[in-house]
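Coordinates in review
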Amino acid sequence: MEGGEAAAADAGGPRFPFPYTPYLIQEQFMAALYGALEAGRVGIFESPTGTGKSLSLICGALAWLRDFERKKQEEEARLLAPEESGQEGKECPASAGAGHAESQGTAGEPDWVTAFVQKKEERDLVDRLKEEQIRRKKREDRLEKIRNNVQLKYAAKRKRAEEDETKRLLQLSKEVLSEGAGDALEQLDHNEEELILAEYESDEEKKVVSGLEEDDDDLEEEHVTKIYYCSRTHSQLSQFVREVQKSPFGKDTRLVSLGSRQNLCVNEEVRRLGALQLINDRCMEMQKNKHEKKSDEENEGKKRRVSRTICPFYSYEQMQFLRDEVLVEVKDIEQLVALGRETKACPYYGSRYAISAAQLVVLPYQMLLHERTRNAAGIKLKDQVVIIDEAHNLIDTITCIHSAEVSGSQLCCAHSQLLQYMERYRKRLKAKNLMYIKQILYLLERFVAMLGGNVNQNPSCQAVSQTGAVLKSINDFLFQSHIDNINLFKVQRYCEKSLISRKLFGFVERYGSPASAVKSNKENQKLSGLQNFLLTLQQGADTEAGAPQSPVVETERDQIQTASPLMQIEGFLSALTNTNQDGRVIINRQGTVGQSSLKFLLLNPAVHFAKVVEECRAVIIAGGTMQPVADFREQLLSCAGVDPARVVEFSCGHVIPPENILPIILCSGPSSQQLEFTYLTRNMPQMMDETGRILCNLCNVVPGGVVCFFPSYEYEKQIYAHWEKTGLLTRLAVKKKIFQEPKKANQVEQVLVEYAKCIKRCSQAGGQMTGALLLSVVGGKMSEGINFSDDLGRCVIMVGMPYPNIKSPELQEKMTWLDKTMPRAAGQPPSKVLIENLCMKAVNQSIGRAIRHQKDFASILLLDHRYARPAIFNKLPQWIRERTQVKPAFGAAFAELRKFHRGKLDAL
């Protein structure tokens, strides 16, 4: 069979198994993808939504992996063939190698040395291949046994239940024995013991291998060649996994889905903590407790035992079973969690142990693009393939992942909490712990000083003298804060290893709430300061003046109770360890110190992407709308040191016939008013009236749903109020029921449901009202990830050009940085190109919402004469650009639109 497949591949390129007959553009996409993976390229792939991009990625990439594995096994068999023919055969290649070496000779080494080295290298290679073969056979046998033996699953579950019962009885016995054995010298109860920081051994501490960690090695295998597929959200990843399940590769692919503890944890006690950072810290603490359990038991006679919570789901045998179950059958996140609950095994760690043997690893952006998270997850990119899907916002995503912001109130709150913690446990903390706590306190004090405040006073009551944003390089910020003498790398490592933010959260949870009962002994009286401080933070300046407490303050209180601010500050400290030229610190002083903030802004995302492209065999950046691609080439790949010759681009058309789409650039309205929505002209009454007249005319001829995008929420609100005042809204409402995009994410679903219901009702009733009009915002909830297929979006209108706010300090700094570091493009400064690209990326995302499948049809209307400029026009997606008509006058455009929609209605 393999030979036949190879012959077919030789005859007409690689074969791609597919669940149905693929479109021509899907075949082209898969062939280009296969070629890029084979040649080890960095590819930018664009395939519009509705063209089956996910299936093309799956079948193209897995067909390459199948062929790669086959070739590798053939090569192994060839090299191991002499081994199997006996000892005589084994010496053949060696003696041949020696003879070859003697005849060749080398300038620097005697012939026998060269021969010996060659012989040793061959022997080592053969030994390594043998080991690999044994491991592979062992894994395949194990998975086959699970696949075909249902009894194993029940046996594992029964064994787990027996272990749980034994542990419970053992615990009861221990409790009976330990009653009344309290230590008179210790005043702290069992729960409070957990709040004390363990001894921090050294800055270069080595991993202690004990307990379960020895078993962990058994769970780890050599990493096979694999594909890492990442996307933005868990729902997109689940959708991708379902596509894999339906594909011809669904039965034979070893796939593992990775996620955060928030998505995968099955321990209800930990899940209840809610905040991701708290869940992470609690989980890590439980692992630590498990590893320290042995040493605690050994020292039982020497010191009082501490009650430490251990996660019941972190069991070697159960995680080994879960790992194999994951590899046997393709599962998405939901199925993985269900399996974890059923087998009482941790899906978070169980899935990680499956990475090494998996062929396809599905994971969210952050886990792959953030180096520390990547390493913690056990992801090894060396010589692997990475596919980043939905990558149109990749540059922004990398920037956001590596940026961090902390407010003045968070800094003051963390300082107060940490100070009280240190006072409470000073006698119990080791010297190194005290040293680091004092360093962190000093850092917090200096950060607040940079905001113009005093860390010992209530931040809500401290007014800031000079408001506004100031940008500084990292070095300038460190020098002016007087913290350049502190090693931030060591402080960051201490925070990470000591779990100080988790301990601090437990401390505040116990003593920080005014409701918690505190004993009135001398030690505990010191804690009243923390309670009073938190109370003043909650009440703020308004309460002191006699004003009622505002909802904002209540939100602040919730934040204080849900997480320690030190967790957020750790992210800021980590960001400050970036190279000086790659980032800036924004000191944003507003009203009070509490409202002010420090923000780290990453200017060069390429530094964090460079490692990915350096280590990987191939990287594919894919999306439905990747235009304009210049940003990816210059800001990401060129800056990451990727050779331009290694970069390939692929863009395919749409599967819809040309007559199913009508894109028009409209230069003027019904009253011949030129359409130019700049900041100066768009607020003019005649411009808003003209926009309303265009919509009224369109709603008369377009059936079903019309989606109209505005540059911002403010402008949409302003134009809506103007139309309401002039009566134009009433005229519009005769033909279409009007819906507005809500600002709150949790209301979007409800608005969409009502919008869809209205369109369906109108199409069935056949009255004067023909559908609905949805007023949306570019960059809002409706411009990405929501499909307006069929009647939901028969016309998409873009009002003006959604340029970003160039007055924002972050954008200004990015523009300055680009002008300094990048070459001019076609005579234009890089900053101008950036602004245009940001605008057109947003436009392309929004207008691509309407066409979602082969038989869909829609018109697209761009209201602004500037879209006709070549520099802008060429940044539209190719499949839209080649069908776009530029109409200087409204009459001709309206006639074209009426003809288009009438023709479609007649054809239905």
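See above for the structure.
Presented here is an overview of the structure given in this document. (Residues numbered from 1 in each chain as written. Predicted model: local features only at pLDDT ≥ 70, side-chain atom pairs only at ≥ 80, totals over all residues. Heavy atoms only, no water.)

**Details of the overall build of the chain**
Broken down by element type, the chain carries 38 helices and 18 strands. With 908 residues in all, the chain has 50% of them scored as buried. A fraction of 81% describes how many contacts in the chain between residues 6 or more apart in sequence connect residues 24 or more apart. (Helix = DSSP H or I, 4+ residues; strand = E, 2+ residues; numbered from the N terminus. Buried < 20%, exposed > 50% of the residue type's maximum accessible area, 1.4 Å probe, protein only. Contact = heavy atoms within 4.5 Å.)

**Some remarks on the sheet that holds strand β3 (residues 255-257)**
Strand order in the open sheet made by the seven strands is β3-β4-β2-β5-β10-β1-β11, with parallel pairing throughout. Each of the sheet's edge strands pairs with one partner strand only, and the pair in question is β3 and β11 (647-651). The sheet shows a mean angle of 15° between the axes of neighbouring strands, direction not considered. Contacting β1 (42-46), β5 (385-388) and β10 (618-623), helix α28 (residues 606-615) runs over the sheet at an angle of about 120° to β10. (Pairing = 2+ DSSP bridges. Axes fitted to C-alpha atoms, helices over the stretch in contact; angles between N-to-C directions.)

**Looking at the packing of helix α19 (residues 408-425) against helix α23 (residues 500-511)**
As a packed pair, α19 and α23 sit with axes 10 Å apart at the nearest point and diverge in direction by 85°. Comparing their axes, α23 and α19 come out roughly perpendicular. Across the interface between the two elements, Q417, L418, Q420, Y421, R424 and Y425 of α19 pack against I500, K503, L504, F507, V508 and Y511 of α23. Grouping the amino acids of the contact of α19 with α23 by side-chain chemistry returns eight nonpolar, two polar and two charged. (Parallel < 35°, antiparallel > 145°, perpendicular 65-115°, else oblique. Nonpolar A, V, L, I, M, F, W, Y, C, P; charged D, E, K, R; others polar.)

**Considering the packing of α19 against helix α20 (residues 431-450)**
The interhelical angle for the contact between α19 and α20, taken along N-to-C directions, is 155°, at an axis separation of 9 Å. Viewed along their axes, α19 and α20 adopt a mutual orientation that is roughly antiparallel. Pair α19 / α20 crosses with left-handed handedness. Residue-level inspection shows L411, C412, A414, H415, L418, L419, Y421 and M422 of α19 in contact with α20, the latter providing L434, I437, K438, I440, L441, L444, E445, F447 and V448. Per-class residue counts for the contact of α19 with α20 are 14 nonpolar, one polar and two charged. (Left-handed = near helix turned anticlockwise from the far one by under 90°.)

**Quick notes on the environment of V642**
On the secondary structure map, V642 appears in the loop between α29 (630-638) and β11. For V642, the contacting residues outside a window of four places in its chain are V42, V613, L637 and V647.

**Remarks on the packing of aromatic side chains**
A complete count under the given rule lists 21 aromatic pairs for this structure. Between the aromatic rings of F447 and F572, the centroid separation amounts to 5.4 Å while the plane-to-plane angle is 85°, which identifies the pairing as edge-to-face. Note that F447 is positioned in helix α20 and F572 in helix α27 (residues 565-575), a separation of 125 residues in sequence. Each member of the pair, F447 as well as F572, carries the same accessibility label: buried. Note on F890 and F894: the rings are 5.7 Å apart at their centroids and 25° apart in plane angle, and the pair reads as stacked. One end of the pair is F890 and the other is F894, both in helix α38 (residues 890-907) and four residues apart, which spans about a single turn. Residue classification places F890 among the buried residues on the basis of a relative accessible area of 9%. Under the relative-accessibility criterion, F894 is labelled buried at 15%. Among the aromatic residues, ring-to-ring pairing joins F29, F45 and F650 into one connected group. (Phe/Tyr/Trp six-rings, centres within 6.5 Å; stacked < 30°, edge-to-face > 60°.)

**Focus: the pairing of strand β9 (residues 597-602)**
When you tally the buried positions in β9, you get five out of six residues, the bulk of the element. Pairing between strand β6 (residues 404-407) and β9: four bridges, direction antiparallel. Bridging across to β9, V406 finds its partner in L598. Where strand β8 (residues 583-589) and β9 come together, six bridges link them in antiparallel fashion. Residue pairing for β9: V585 is matched across the bridge by F600.

**Considering helix α9 (residues 234-246)**
When the terminal C-alpha atoms of α9 are compared, their 19 Å separation across 13 residues agrees well with the 18 Å that a helix rising 1.5 Å per residue should span. When α9 is considered as a whole, its buried residues turn out to be Q236, L237, S238, F240, V241 and V244. (Expected span 1.5 Å × (residues − 1).)

**Describing the sheet that holds β6**
As summarised here, the arrangement of the four strands in space is β6-β9-β8-β7, forming an open sheet in which the pairing is antiparallel. Looking at strand neighbours, the two that pair on one side only are β6 and β7 (468-473), the edges of this open sheet. Neighbour-to-neighbour, the strand axes of this sheet turn through a mean angle of 20°, independent of strand direction. Packed on one face of the sheet, α19 meets β6 and β9 and runs near 70° to β6.

**A closer look at the side chain of S712**
Relative to the helices and strands, S712 resides in the loop between β13 (704-710) and α31 (713-726). There is a polar contact of 3.1 Å between the side chain of S712 and the backbone nitrogen of Y715. (Polar contact = N/O pair within 3.5 Å; in protein donor to acceptor, adjacent residues only side chain to side chain.)

**Some words on the nonpolar core**
Within the largest apolar cluster, 65 residues are counted, with the highest numbers of intra-cluster contacts made by L394 and F609. Considering every element that reaches this core, the biggest residue donor is α28, with five residues. Once residues lying within four places of it in the same chain are set aside, the contact partners of F609 are L369, I388, L394, I398, V619, I621, L636 and L637. L197, Y425, Y494 and F600 belong to the second largest nonpolar core, which has 52 residues in total. (Core = buried A, V, L, I, M, F, W, Y, C linked by side-chain atoms within 4.5 Å.)

**Details of the state of the cysteines**
In total, this model carries zero disulfides according to the counting rule given. Cysteine C762 shares no disulfide, and the gap to the nearest cysteine sulfur, in C758, comes to 4.1 Å. (Disulfide = S-S within 2.5 Å.)

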